Amino acid sequence: MKNLYTKLLFLFLAVMATGCSDDDTVSHTNVSAVEALYLPEDNKFYDLSTQSSALFEWQGAYAEDNGVVLYDVVFDKENGDFSNPVYVIPSDGNGFQKTLNLSFTKLNTIAGLAGIEPETTGKLKWTVRSSKGINFMMASVYRTIEVLRPGGFSPPDQLFITGSASEEGDVVENAIPFKKTGVSTFEIYTQLQAGEYSFVTRTNGTPEVFYINDGDLKQDGFTTYSDETKVYRIRVDFSDGSTEITEIQKIELWFPPLGEYLFEYNYAGHGTWEALNEYIEFKQESWGRDERYKFKFTVVTDGETAEEWFGSVNADNSRPDVNSSESYWYMIPVTDDFWNNCFKFATPVDMSNVNAKIDFGATIPAYTHSFTVL
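What counts, and where the lines are drawn
Residues numbered from 1 in each chain as written. Predicted model: local features only at pLDDT ≥ 70, side-chain atom pairs only at ≥ 80, totals over all residues. Heavy atoms only, no water. Buried < 20%, exposed > 50% of the residue type's maximum accessible area, 1.4 Å probe, protein only. Helix = DSSP H or I, 4+ residues; strand = E, 2+ residues; numbered from the N terminus. Arc of directions from axis to C-beta. Pairing = 2+ DSSP bridges. Axes fitted to C-alpha atoms, helices over the stretch in contact; angles between N-to-C directions. Contact = heavy atoms within 4.5 Å. Lys, Arg positive; Asp, Glu negative; His and termini not counted. Salt bridge = Lys/Arg side-chain N within 4 Å of Asp/Glu carboxyl O. Polar contact = N/O pair within 3.5 Å; in protein donor to acceptor, adjacent residues only side chain to side chain. 1 Å grid on protein atoms, 1.4 Å probe; cavity = no way out; pocket = protein on both sides within 12 Å on 5 of 7 lines; lining within 4 Å. Points joined across faces, edges and corners; volume = space filled by probe spheres on them. Nonpolar A, V, L, I, M, F, W, Y, C, P; charged D, E, K, R; others polar.

S.K.: Which parts of the structure should I look at to understand helix α2 (residues 104–113)?
M.R.: Working note: α-helix, 3.6 residues per turn, so residues spaced by three or four point in the same direction. Buried within α2 are the following residues: Phe 104, Leu 107, Asn 108, Ile 110 and Ala 111. The buried residues of α2 all sit within an arc of 160° when viewed along its axis, so they share a single face. Taken from the residues just after α2, Gly 115 is the one with a positive phi, measuring 90°.

S.K.: Is there a simple way to think about the sheet that holds strand β3 (residues 53–58) in this case?
M.R.: Pairing is antiparallel in the open sheet, where 3 strands are placed in the order β1-β3-β6. Taken across any chain shown, the strands that pair with only one partner, and hence form the sheet edges, are β1 (37–39) and β6 (99–103). The sheet shows a mean angle of 20° between the axes of neighbouring strands, direction not considered. Running at roughly 85° to β6, α2 makes contact with β3 and β6 of the sheet.

S.K.: In this structure, what is going on with the side chain of Lys 344? I would like to understand it.
M.R.: Looking at the element boundaries, Lys 344 is found in strand β28 (residues 343–344). Buried Lys 344, no salt bridge; nearest opposite-charge side chain is Asp 316, N-O distance 4.1 Å. Side-chain polar atoms of Lys 344 contact the backbone oxygen of Asn 317, separated by 2.9 Å.

S.K.: I keep staring at the layout of surface pockets and nothing clicks. Help me out?
M.R.: A probe matching the size of a water molecule, rolled over the atoms, marks out where space remains unfilled. Estimates place the volume of the largest pocket at around 350 Å³. Lining the largest pocket are 16 residues; nearest its centre among them are Gly 112, Leu 113, Arg 149, Glu 208 and Gln 219. Per-element accounting of the lining of the largest pocket gives the leading share, 4 residues, to α2. When the residues that make up the lining of the largest pocket are grouped by side-chain class, the tally is 6 nonpolar, 6 polar and 4 charged. What the second largest pocket holds in volume is close to 270 Å³. Around the second largest pocket, the lining is made up of 16 residues, and of these Gln 51, Thr 105, Asn 108, Pro 150 and Ser 239 lie nearest the centre. In terms of residue class, the lining of the second largest pocket is made up of 7 nonpolar, 9 polar and no charged.

S.K.: Mind showing me how you'd approach the pairing of strand β15 (residues 209–213) here?
M.R.: As a general feature of sheets, a regular strand has side chains that alternate between the two faces. For strand β14 (residues 195–200) and β15, the ladder comprises 2 bridges, and the chain directions are antiparallel. Following the sheet pairing, Val 200 is matched in β15 by Val 209. Note: β15 against strand β16 (residues 216–219), 4 bridges, orientation antiparallel. Pairing of Ile 212 across the sheet is with Leu 217, part of β16.

S.K.: Would you explain unusual backbone geometry in this entry?
M.R.: As a rule of thumb, non-glycine residues mostly have phi less than zero, and peptide bonds are mostly trans rather than cis. Note that the residue after Leu 39, namely Pro 40, is joined by a cis bond; omega there is -10°. Topologically, Pro 40 is positioned in the loop between β1 and β2 (44–47). In the Ramachandran plot, Glu 119 falls in the positive-phi region, its phi being about 65° despite a non-glycine side chain. One can find Glu 119 in the loop between α2 and β7 (121–131). At Asn 341, a position not held by glycine, the phi torsion is positive, near 65°. The residue Asn 341 is located in the loop between β27 (332–334) and β28 in this model. A relative accessible area of 15% places Asn 341 in the buried class.

S.K.: Whenever I open this one, the sheet that holds strand β22 (residues 272–280) confuses me. Can you help?
M.R.: Where strands meet in a sheet, backbone hydrogen bonds hold them as pairs that are either parallel or antiparallel. Read across the open sheet, the 4 strands follow the order β21-β22-β29-β30; overall the sheet is antiparallel. Only two strands of the sheet have a single partner each, and these edge strands are β21 (266–269) and β30 (368–373). Across this sheet, the average inter-strand angle for adjacent strands is 30°, counted without regard to direction. Of the pairings in the sheet, the one linking β22 to strand β29 (residues 352–359) comprises 7 bridges and is antiparallel in character. Opposite Thr 272, over in β29, you have Asp 359 as the bridge partner.

Fair warning: the whole summary comes from geometry, so function is off the table for now.
Written out as structure tokens, the structure is:
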């Protein structure tokens, strides 16, 4: 019997110890609320079109166990109550510091989430919540900042064209990708037909949607295209909301040894052109056979016709062979100089019929071309 009582006593003490341990664990997560915000001052104005940042600073909170406190800066609409904030971000140092340096680019994104339109002024409320990872305590105070959004948008990671005017129709899953040419810039070579088109940031879920209106990039709409079916280069810059649409009227193969164009390429879809079963013969010179070439694009922008030349990254080249890297055929913008930046045909091309192809699609590392001997 004595052993039974002893065992029961040990069990009781173990339960009590566990209970106390649990209470201690819970109490160790308690923190106080931030009671003062220092920077920026209330109703501070920011022009987000500049390359700068905003500094947020506040008074520290206290943990019941005297340990570290984590902080999040919480943003909401001007009339919001922080119960459903538009954005929450950890403070500097992964949440350990009582400051947050926020770039204007990120602040512009937050303003957009709050419904502030580009090129307009609006207000955001902000406050700070403290915690030890759970049991968040919202600050007892908040402040307001006023922002002027630039004309552009936060750039997406990818961009696609879709709609009845596009090559793949209005099935979003079939949308054709743009090539990303910079931090905020994209371009695509594509064909348009009568109908509507727009740009989407993804081909599944709920993408952001953009369109062109009077040359400016706008959100949540579509562009109506009513002209003849033509091939275009469309450039989009999200940083300032600008766009450029250029008709690719003609692409010709320039052969300087004869001072003439050997043939013209035909559009083959998805940013590619081809010329099938074309005969190529080098020019015999006293020193050997000349095989240099490059490309002329005839383009139309805003009704103005112009020439654009594409050639090699090298001013001069040797003939390629089976060991040449793919980069040999990469095409870059060059001058209209008669000889400089020309490619050279491979030896088997001489006095042969070839299928010639130009690929300006988005899925390849760089714009390129090829010749297949038949």
